[in-house]
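# Secondary and tertiary structure notes
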Amino acid sequence: MVPGTKRVTLKDVAKEAGVSAMAVSKVLNDKGGISKETSERIREAVQRLNYRPDNIAKSLRVQETKTIGVVMSDSSQLVFAQVLRGIQDAAATSGHSVIIANSDQNAEKEKKAVDVLLSQRIDGLILAAPIRHRPDELAEFKAIHTPIVVLMRSSSGTGIDSVENDNFQGGHDIVDYLLRTGSDKIHFLSLPRSSQPNQFRLRGYRQAFQDHGLTFDPDQVRYCEPFVEDGYMAMSQLLDEGLSGGAICCGCDLIAIGAIKAIQERGLCIPQDFRVTGYDDIELMDHLSVPLTTIRQPKYEIGFEAVRLLLERISDPGRISRNITLRSELVIRKST
């Protein structure tokens, strides 16, 4: 018996079972050609010795680790929960493990996270809502020669695969709904000005106004970070300036939650005084004191599709890049 302080090797298992190392390898990799009795003896030896395959050594031989790296801007945000679930489910179907790193919405941390994952010899990399998403910044990622998929951002024209929701369509649909149902005075608590999704949604807002023969007023837009506190502060400022009613179109559900809190603290009612909408449809939005009307991103599908694209790229590195846009869904609840 090999002492527990020593790493157990394939040769140790072979010696314990009284067979060749090749026989052990065939059994562990289900290659066949070994009798049932011998196979059972080998598996018993594996259990007795608590043998664990050296996957790093194997990866050096076959040039794959069966691992996918994921860098998320902030996995604690609820919007990423279903995205990550889709990634994990899709990876599991192909026998891949997932390693997750956070950038905390910091560009320098994002770079370091990518470097750490690449040092683990991952087979491919998924960038979920990357901070650096300009074409020139994405070009840096392409230069690392590891298959990459960007999700929740567009990478069109960069030669990198991407999966996102249709932010233009989502922005259009939420404003079109508000206009069709009687709200011609709309204030916007949008995502940060530099946010790529925000830029597409603003175009959707403008198109909805144009479709209704109205003019979109950019002065009605305030930019917020995607946090409850920012929505609360922005809405409080509007109320302090004398706003007493209308529609509040928020760039994400968290901003909307903050706006609702500010409105209710002033003794005003939703939807009687203010109609409020969000974006994303994160969990529990239908369980708020006033369930939130919002745009539902296909979050799980975005994650699942990202892995599918990544595996395609791994198997065919030279194929033309694909940029997939998935349609969102308007979900109407009591806040409007």
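First, a word on scope: everything that follows refers to the structure included in this document. The structure presented is a predicted model; accordingly, all values stated were derived computationally and were not measured.

Right, let's talk about the packing of aromatic side chains for a bit. One pass over the full model with this rule turns up 5 aromatic pairs. An aromatic cluster is built from Phe188, Tyr205, Phe209 and Phe216, whose rings are joined through pairwise contacts. A cation over a ring is seen here: arginine 201 above tyrosine 279, with NZ or CZ 3.5 Å from the ring centre. Positioned above the aromatic ring of tyrosine 232, the side-chain terminus of lysine 261 is 5.3 Å from the ring centre.

Locating arginine 313 in the fold gives a position in helix H12 (residues 299–315). With relative accessibility at 10%, the residue arginine 313 sits in the buried group. A distance of 2.9 Å separates the side chain of arginine 313 from the backbone oxygen of proline 317, its partner in a polar contact. In terms of polar contacts, arginine 313 uses its side chain to reach the backbone carbonyl oxygen of arginine 319, at 2.7 Å. Setting aside residues up to four positions removed in sequence, arginine 313 forms contacts with Pro147, Gly159, Asp161, Gly318, Arg319, Ile320 and Ser321.

The residue after isoleucine 270, namely proline 271, is reached through a cis peptide bond having omega 10 degrees. Within the secondary structure layout, proline 271 lies in the loop between helix H11 (253–265) and strand E9 (274–277). One non-glycine residue with positive phi stands out, namely glutamine 105, at about 55 degrees. Tracing the chain through its elements places glutamine 105 in the loop between strand E2 (97–102) and helix H6 (107–119). Positive phi values are uncommon outside glycine, yet methionine 152 reaches one of about 70 degrees. Looking at the element boundaries, methionine 152 is found in the loop between strand E4 (148–151) and strand E5 (161–165).

Looking now at the nonpolar core. In this structure, Ile126, Leu151, Leu189, Met235, Ile248 and Val276 are the most contacted members of the largest nonpolar core, which totals 47 residues. Sorting elements by how many residues they give to this core places H11 first, with 6 residues. In this structure, Leu179, Leu202, Phe209 and Ala247 belong to the second largest nonpolar core, which totals 17 residues.

What follows covers the layout of surface pockets. Any empty space left between atoms is shown by rolling a water-sized probe over those atoms. If you add up the space inside the largest pocket, you get close to 610 Å³. As for the largest pocket, its lining consists of 32 residues, and the residues nearest its centre are Gln105, Arg153, Leu191, Ser195 and Pro226. If you list the elements that add at least two residues to the lining of the largest pocket, you get E5, helix H9 (196–211) and H11. Of all the elements, H9 adds the most residues to the lining of the largest pocket, at 3 residues. Among the residues making up the lining of the largest pocket, the classes are represented as 14 nonpolar, 11 polar and 7 charged.

Below, the discussion takes up the packing of helix H5 (residues 81–93) against H12. Where H5 meets H12, the axes come as close as 6 Å, and the angle between the chain directions of the two elements is 35 degrees. For the crossing formed where H5 meets H12, the hand is right-handed. Note on element contacts: H12 touches H5 through Lys299, Tyr300, Gly303, Phe304 and Val307, opposite Gln82, Val83, Arg85, Gly86, Ile87, Asp89, Ala90 and Ala91.

What counts, and where the lines are drawn
- Residues numbered from 1 in each chain as written.
- Predicted model: local features only at pLDDT ≥ 70, side-chain atom pairs only at ≥ 80, totals over all residues.
- Heavy atoms only, no water.
- Phe/Tyr/Trp six-rings, centres within 6.5 Å; stacked < 30°, edge-to-face > 60°.
- Lys NZ or Arg CZ within 6 Å of the ring centre and 35° of its normal.
- Helix = DSSP H or I, 4+ residues; strand = E, 2+ residues; numbered from the N terminus.
- Buried < 20%, exposed > 50% of the residue type's maximum accessible area, 1.4 Å probe, protein only.
- Polar contact = N/O pair within 3.5 Å; in protein donor to acceptor, adjacent residues only side chain to side chain.
- Contact = heavy atoms within 4.5 Å.
- Core = buried A, V, L, I, M, F, W, Y, C linked by side-chain atoms within 4.5 Å.
- 1 Å grid on protein atoms, 1.4 Å probe; cavity = no way out; pocket = protein on both sides within 12 Å on 5 of 7 lines; lining within 4 Å.
- Points joined across faces, edges and corners; volume = space filled by probe spheres on them.
- Nonpolar A, V, L, I, M, F, W, Y, C, P; charged D, E, K, R; others polar.
- Axes fitted to C-alpha atoms, helices over the stretch in contact; angles between N-to-C directions.
- Left-handed = near helix turned anticlockwise from the far one by under 90°.

Everything listed is a geometric property; what it means functionally is a separate question.
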